[in-house]
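# Residue-level structural notes
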Amino acid sequence: MKEAWNLSLGSVHPGTGDIIPALFRPTAFPLCSTTLLLFSLLPHRRENQAIWQFIFHSYLVGFGFANGNSEKRTNKNGPENVKEYPYKELLFSSGTVLFSAFCGTFPHFVINHIKPQRPSVQLLFKYIIPGPLTATLAAFNLTVIRTRELEEGIEVMDSKGKVIGVSQRAGIKAVEETALSRAALFGTAILVPDLILLCLRRAFLALQNPLVFNPLRYGALVFIYGAVIPVSFSWMPQIGTIKRSVLEPEIASSTEETELFYNRGL
């Protein structure tokens, strides 16, 4: 029973009860995202880098959409509890994937095509910029794909699980928290290994050899990324809390509980 319960937690969307596609379940995220992140950071020639960046950000968008707050809304032109097809999210996601792939490729384009001569510039684009850039793009992707939550809000519940209403302020809080955790995940996983190894590179002559430094760099990236994923997912609980005083007046007046709950998503 415990194994079945744990399986259902990772396979069923807590907001809709729908089955999450296997590729976008939390259990599949470490393997898929680690592989795509590693290939997106490897030095490539010509168009290969853009392709891997496109696949990587496409997966992040799909994961954010599958694990976001896509609660069923009442369709004004039809019966209740009919989920409207997310044309707006699909349009926004296509644009953000293309934009993110272009931005993610830019540091590699500078290194491979512009070829700066100054070592400090090469160091900046090769080791310093990719971490914060990937973190910013990951947070941007999640915010765009969950724009509907920012505009329409998400459901808030009392301590017994009863839905009190749909709050835009809770939606903003949920998206902000998830975007922050996603940015911290990729920023830490990419930037920290590079900074540590760059400091050690000056002290150890062997690390100045690319045949030693590069495998060690990507191995450290995979190790730290795998260690940070559980921290990122559990840093802020998936069932978040929000004070009644922060919510909209019509929702705050409909309950006497001082703290309400919402599904943050992943």
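Conventions we followed
- Residues numbered from 1 in each chain as written.
- Predicted model: local features only at pLDDT ≥ 70, side-chain atom pairs only at ≥ 80, totals over all residues.
- Heavy atoms only, no water.
- Helix = DSSP H or I, 4+ residues; strand = E, 2+ residues; numbered from the N terminus.
- Buried < 20%, exposed > 50% of the residue type's maximum accessible area, 1.4 Å probe, protein only.
- Polar contact = N/O pair within 3.5 Å; in protein donor to acceptor, adjacent residues only side chain to side chain.
- Salt bridge = Lys/Arg side-chain N within 4 Å of Asp/Glu carboxyl O.
- Expected span 1.5 Å × (residues − 1).
- Core = buried A, V, L, I, M, F, W, Y, C linked by side-chain atoms within 4.5 Å.
- Contact = heavy atoms within 4.5 Å.
- Phe/Tyr/Trp six-rings, centres within 6.5 Å; stacked < 30°, edge-to-face > 60°.
- Lys NZ or Arg CZ within 6 Å of the ring centre and 35° of its normal.

## Side note on the side chain of E177
Position of E177 relative to the elements: it lies in helix α8 (residues 168–203). Among the residues examined, E177 registers a relative accessible area of 17% and is labelled buried. Reaching out from E177, the side chain makes a polar contact with the side chain of Y262 at a distance of 3.0 Å.

## What about the pattern of salt bridges?
Within the structure shown, the criterion is met by 5 salt bridges. The salt bridge involving R146 is made with E149; its shortest N-O contact spans 2.7 Å. Classification of E149 by relative accessible area gives buried; the value is 4%.

## Examining helix α3 (residues 48–66)
Over its 19 residues, α3 runs 27 Å from end to end, which matches the ideal 27 Å to within 8%, given 1.5 Å per residue. Among the residues of α3, Q49, Q53, F56, H57, Y59, L60, V61, G62, F63, G64 and A66 are the ones counted as buried.

## Here we look at the nonpolar core
Most often, soluble globular proteins keep nonpolar side chains buried together rather than apart. Among the nonpolar cores identified, the biggest contains 25 residues, and F29, L37, Y59, F63, L185, F186 and Y225 are the most heavily contacted of them. Of all the secondary-structure elements, those providing two or more residues to this core are α2 (29–41), α3, α8 and α9 (210–235). Discounting residues that sit within four places of it in the chain, F63 has contacts with F24, R25, P26, F29, R182, F233 and L266.

## Comments concerning the packing of aromatic side chains
Tallied over the full model, the rule gives 12 aromatic pairs. Measuring from ring centre to ring centre gives 5.5 Å for F29 and F233, while their planes differ by 40 degrees; the resulting arrangement is tilted. Remark: F233 occurs in helix α9 and F29 occurs in helix α2; sequence separation between them is 204 residues. The residues F29 and F233 share a single accessibility class, namely buried. The interplanar angle of 20 degrees and the centroid separation of 4.5 Å between the aromatic rings of F39 and W52 together place this pair among those described as stacked. Taken as a pair, F39 in helix α2 and W52 in helix α3 lie far apart in primary sequence, 13 residues in all. The exposure class assigned to F39 is partly exposed, which follows from its relative accessible area of 31%. In this structure W52 comes out as partly exposed when scored by relative accessible area, which is 25%. The ring centre of F213 lies 4.5 Å from the NZ or CZ of R201, which sits over that ring.

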